[in-house]
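The chain contents come next:
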Amino acid sequence: KPEHMRALQTLSARLNSSEKIFTPEEIGEEIWQENSFKLIDHPFATKDIPNGSYWRWNQTKSRRTARLISQHSKVNLFKLIPRRRQTKVVSKTSLPKIKLWQFEIEDEDTNNITHALWCERGLSPDGTVFHFSNIKEKKKEKKQKKEKKDSTTLNISDFVFLAPLMNPDTAQQLFPQLNDNNV
């Protein structure tokens, strides 16, 4: 799939770069930053990735395996997206629009395993736009504007200003409030 190819291309580019800094023991919320990339030298579970109070990470579909020839590596990858927690209280807050990729990279020469996370979609690069409720609110505002625009009621009397430009008989039929002298 194209999205898997994009994730693998990003991984390959990041691994080829000279910047190979490993993340400390704990993964922080900065991973929610769009285009954030973290190398992790120890195994971790999905529950170790920071999540929200009303949502958790969910693995979509199945894992994929690929080879990165330039890295002499085998890669297992899968996508993570937010999923609402099962609670008794139903939250009306929309889920964040975050897409996170998790990679397990096995060096074919040494059998060493490295892990990585890449946030394809999340916080904006400047950190100001968070996708939690903004999207739902903007959709609601847009819908309200459209409904307001669609619900504008027009009356024939609103067009009385056109009467002088019309055939006098037609104007009199459409605008009976006019007398013959005004048309």
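Residues numbered from 1 in each chain as written. Predicted model: local features only at pLDDT ≥ 70, side-chain atom pairs only at ≥ 80, totals over all residues. Heavy atoms only, no water.

> Which residues make up the overall build of the protein, and what values go with them?
Helix and strand counts for the protein stand at three helices and six strands. Secondary structure elements of the protein, listed N to C terminal, follow the sequence α-β-β-β-β-β-β-α-α. Evaluated residue by residue, the protein yields a buried proportion of 34% over its 183 residues. A separation of at least 24 residues holds for 54% of the contacts in the protein among residues at least 6 apart in sequence. By element, 51% of the accessible surface of the protein is carried by carbon and sulfur atoms, the whole surface being about 12,500 Å². (Helix = DSSP H or I, 4+ residues; strand = E, 2+ residues; numbered from the N terminus. Buried < 20%, exposed > 50% of the residue type's maximum accessible area, 1.4 Å probe, protein only. Contact = heavy atoms within 4.5 Å. Areas by Shrake-Rupley, 256 points an atom, 1.4 Å probe, with all protein chains shown as cover.)

> So what's going on with the packing of aromatic side chains? Which residues, and what values?
With the rule as written, the count across this model stands at three aromatic pairs. With 5.6 Å between their ring centres and 45 degrees between their planes, W32 and W55 make a pair best called tilted. Of this pair, W32 sits in the loop between α1 (2–16) and β1 (37–40) while W55 sits in strand β2 (residues 55–59), and the two are 23 residues apart along the sequence. Given a relative accessible area of 7%, W32 falls into the buried group. (Phe/Tyr/Trp six-rings, centres within 6.5 Å; stacked < 30°, edge-to-face > 60°.)

> Outline the confidence of the model for the protein, listing residues and values.
Looking at the protein, pLDDT values average 81 and 78% of them are 70 or higher. Counting interchain partners and residues more than four positions distant, the pLDDT-below-50 stretch residues 128–136 has 21 contacts. (pLDDT = per-residue confidence, 0-100.)

> An account of α1 is needed here, citing residue identities and associated values.
An α-helix turns once per 3.6 residues; consequently, residues spaced three or four apart project the same way. Along its 15 residues, α1 runs 21 Å from first to last C-alpha, staying within 8% of the 21 Å computed at 1.5 Å per residue. Among the residues of α1, those classed as buried are E3, H4, A7, L8, T10, L11, S12 and L15. (Expected span 1.5 Å × (residues − 1).)

> Quick rundown of a nonpolar patch on the surface? Include the residues and the values.
Together, L154, I156, F159, F161, L162, L165 and L174 make up a nonpolar patch on the protein surface, roughly 710 Å² of accessible area in all. Here F159 is to be found in the loop between α2 (134–150) and α3 (168–174). Take F159: its relative accessible area is 34%, and that puts it in the partly exposed class. (Patch = residues over 30% accessible without salt bridge, like charges linked within 9 Å, V, L, I, M, F, W, Y side chains within 5 Å. Salt bridge = Lys/Arg side-chain N within 4 Å of Asp/Glu carboxyl O.)

> How would you sum up the pairing of strand β5 (residues 99–107)? Please name residues and give values.
Where strand β4 (residues 73–84) lies against β5, eight bridges are found, and the strand directions are antiparallel. Each bridged residue has a counterpart across the sheet, and for V75 the counterpart in β5 is I105. Looking at chain direction, β5 and strand β6 (residues 113–121) are connected through eight bridges and run antiparallel. Across the sheet, residue E104 finds its bridge partner in β6, namely H115. Taken together, β5 and the strand that follows it, β6, pair antiparallel across an intervening segment of five residues, in which N111 is found at a positive phi of about 65 degrees. (Pairing = 2+ DSSP bridges.)

> Lay out the pattern of salt bridges with the relevant residues and their values.
One pass over the structure, following the stated rule, counts six salt bridges. A salt bridge links K79 to E3; the shortest N-O distance between them is 3.0 Å. With K79 in strand β4 and E3 in helix α1, the pair connects residues that are 76 residues apart, well separated along the chain. An identical accessibility class is assigned to K79 and E3; each is buried. Through salt bridges with shared partners, one network takes in E3, R6, K79, K99 and E120.

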